[in-house]
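# Coordinate analysis (summary)
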Amino acid sequence: MVASLRGAGGASPAPVPNGLSGKEKPSKEERLSNTTACLPLVYGSVAFFLGKKADEYHTHKWTLYLRGPRDEDLSPCIQKVVFHLHPSFAKPVREIMEPPYEVTERGWGEFEAQIRIIWKDSAEKATVVSIEGLSLCLFFYFTLFFIASMVVAD
């Protein structure tokens, strides 16, 4: 995934842009050239069987999530996360504006879901992650790691 950040907000120490002595900070609107920032993200789902007394359409409680690998605060980089669920849900599109970036529901089957990450840097395109076959067969389904590599360039 390729994205960019403005200024040094939320990024690791970066090289000093031309024209700065190193003591001044670049403005938030100034892009840092030849700078890369990496933001590790974890996304996945977890579900629990509600037991034999659950009705046939609500057999499991599940959560679909996006977070940092150690539950770091991602809000300095993320404006919002949009979860696209199956259209049979009362509200199939859920916008989460602040952490925790997750959706919890009850259901009975499997479906495809999509997580859309809207970055705070408006110059960046949204990142879309598709989760195929969100299944309710196991207690812990999957956790996929990926590195969001952010390239800061002119």
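Residues numbered from 1 in each chain as written. Predicted model: local features only at pLDDT ≥ 70, side-chain atom pairs only at ≥ 80, totals over all residues. Heavy atoms only, no water.

Here we come to the overall build of the chain. Counting its regular elements, the chain contains 0 helices and 9 strands. Counting from the amino terminus, the chain carries its helices and strands in the arrangement β-β-β-β-β-β-β-β-β. Residues counted as buried form 38% of the 154 residues belonging to the chain. By sequence separation, contacts in the chain at least 24 residues apart represent 63% of the contacts at least 6 residues apart. Carbon together with sulfur atoms contributes 53% to the accessible area of the chain, which is approximately 9,600 Å² in total. (Helix = DSSP H or I, 4+ residues; strand = E, 2+ residues; numbered from the N terminus. Buried < 20%, exposed > 50% of the residue type's maximum accessible area, 1.4 Å probe, protein only. Contact = heavy atoms within 4.5 Å. Areas by Shrake-Rupley, 256 points an atom, 1.4 Å probe, with all protein chains shown as cover.)

Before going further, it helps to spend a moment on the packing of aromatic side chains. Tallied over the entire structure, the rule returns 4 aromatic pairs. Ring geometry for Phe-89 and Phe-111: centres 5.5 Å apart, planes at 65°, overall edge-to-face. With a gap of 22 residues between them, Phe-89 in the loop between strand 4 (78-84) and strand 5 (93-96) and Phe-111 in strand 7 (residues 111-119) connect regions that are remote in the sequence. Put simply, the rings of Trp-62, Phe-89 and Phe-111 touch in pairs and so form one group of aromatic residues. (Phe/Tyr/Trp six-rings, centres within 6.5 Å; stacked < 30°, edge-to-face > 60°.)

Glancing now at the nonpolar core. Ranked by size, the top nonpolar core spans 24 residues in total, and within it Trp-62, Leu-64, Leu-66, Ile-78, Phe-83, Leu-85 and Ile-115 carry the most contacts. At the level of elements, strand 2 (35-49), strand 3 (60-67), strand 4, strand 6 (101-107), strand 7 and strand 8 (127-134) are the ones that each hand at least two residues to this core. Here the element with the most residues in this core is strand 7; it accounts for 5 residues. Contacts of Ile-78, omitting those with residues within four sequence positions, involve Leu-66, Tyr-101, Ile-117, Ile-118, Trp-119 and Lys-120. (Core = buried A, V, L, I, M, F, W, Y, C linked by side-chain atoms within 4.5 Å.)

A few words on the pattern of salt bridges. By the definition in use, this model includes 3 salt bridges. Note that Asp-71 and Arg-67 form a salt bridge whose closest N and O atoms lie 3.6 Å from each other. Overall, the relative accessible area of 33% leaves Arg-67 in the partly exposed class. With a shortest N-O distance of 3.3 Å, Glu-95 and Lys-80 are connected by a salt bridge. Of the two residues, Glu-95 sits in strand 5 while Lys-80 sits in strand 4, which places them 15 residues apart along the sequence. By relative accessible area, Lys-80 is classed as buried at 18%. (Salt bridge = Lys/Arg side-chain N within 4 Å of Asp/Glu carboxyl O.)

The subject of this paragraph is the side chain of Thr-63. Here Thr-63 is to be found in strand 3. Judged by relative accessible area, Thr-63 falls into the buried class, the value being 14%. Excluding its chain neighbours within four sequence positions, the residues that come into contact with Thr-63 are Gly-44, Ser-45, Val-46, Glu-102, Val-103 and Thr-104.

Within polar-contact distance, the side chain of Lys-80 engages the side chain of Glu-95 at 3.3 Å. When residues no more than four places from it in sequence are discounted, the contact partners of Lys-80 are Glu-95, Ile-96, Met-97, Arg-116, Ile-117 and Ile-118. (Polar contact = N/O pair within 3.5 Å; in protein donor to acceptor, adjacent residues only side chain to side chain.)

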